[in-house]
Amino acid sequence: MGVIHKIGRRKTAVARVYVSEGTGVITVNKKEFATYFPTSTLQYKVMQPMSMTDNATNYDVKVNVYGGGSTGQAEAVRMALARVMCEINAENRLILKPEGLLTRDPRMVERKKFGQKKARKKFQFSKR
């Protein structure tokens, strides 16, 4: 099989995933998977494509991820893993597509406007 390389993105996070046959070891930025994503919610998001396709213990995964926060990074890894699962077996697409794991979420942070406190919030008006 060799090594399969895919990229996933979410907000400003970019994840590069390298998958090879193995025993289910996941390494994120040269750290153990559970230490990089400490909460169970983030761990569930990352493992979702592999558990849905029953491949959680069949492949070793090496991830390089940067940018964004922890949730954005976890969802970027999830998207990249979903793309890998589709390349491994085309039938996995029928499982992952209805769950929305193959769709790039286009929502980005709205920019801050000049003369305002934040993107939409205005400065408080006070009449003296």
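Just above, that's the structure.
Read on for a plain summary of the structure. (Residues numbered from 1 in each chain as written. Predicted model: local features only at pLDDT ≥ 70, side-chain atom pairs only at ≥ 80, totals over all residues. Heavy atoms only, no water.)

Some details on the side chain of Arg78
So, point 1. Relative to the helices and strands, Arg78 is located in helix 3 (residues 70-88).
So, point 2. Discounting residues that sit within four places of it in the chain, Arg78 has contacts with Lys45, Gln48, Pro49 and Leu101. (Helix = DSSP H or I, 4+ residues; strand = E, 2+ residues; numbered from the N terminus. Contact = heavy atoms within 4.5 Å.)

A short note on the pairing of strand 5 (residues 59-66)
So, point 1. The two faces of strand 5 differ: Tyr59, Val61, Val63 and Val65 on one face are buried, but Asp60, Lys62, Asn64 and Tyr66 on the other face are not.
So, point 2. Two strands pair when backbone bridges link them, and strand 2 (residues 13-21) and strand 5 are joined in this way by 8 bridges, in the antiparallel orientation. Paired with Ala15 across the strands is Val65, a residue of strand 5. (Buried < 20%, exposed > 50% of the residue type's maximum accessible area, 1.4 Å probe, protein only. Pairing = 2+ DSSP bridges.)

Side note on the pattern of salt bridges
So, point 1. One pass over the structure, following the stated rule, counts 7 salt bridges.
So, point 2. A salt bridge links Arg10 to Glu75, with the nearest nitrogen and oxygen atoms 2.8 Å apart. Separated by 65 residues along the polypeptide, Arg10 in strand 1 (residues 4-10) and Glu75 in helix 3 bring together distant segments of the chain.
So, point 3. Judged by relative accessible area, Arg10 falls into the buried class, the value being 9%.
So, point 4. Its salt-bridge partner being Glu110, residue Lys113 comes within 2.5 Å of it at the nearest N-O pair. (Salt bridge = Lys/Arg side-chain N within 4 Å of Asp/Glu carboxyl O.)

Description of the nonpolar core
So, point 1. Of all hydrophobic cores here, the largest spans 29 residues; its most connected members are Val17, Phe37, Val61, Val77 and Leu81.
So, point 2. For this core, the elements supplying multiple residues, two or more each, are strand 2, strand 3 (26-28), helix 2 (40-52), strand 5 and helix 3.
So, point 3. The greatest single-element share of this core, amounting to 9 residues, is contributed by helix 3.
So, point 4. Here Val17 is in contact with Ile4, His5, Lys6, Val61, Lys62, Val63, Val77, Ala80, Leu81 and Val84, once residues within four sequence places are set aside. (Core = buried A, V, L, I, M, F, W, Y, C linked by side-chain atoms within 4.5 Å.)

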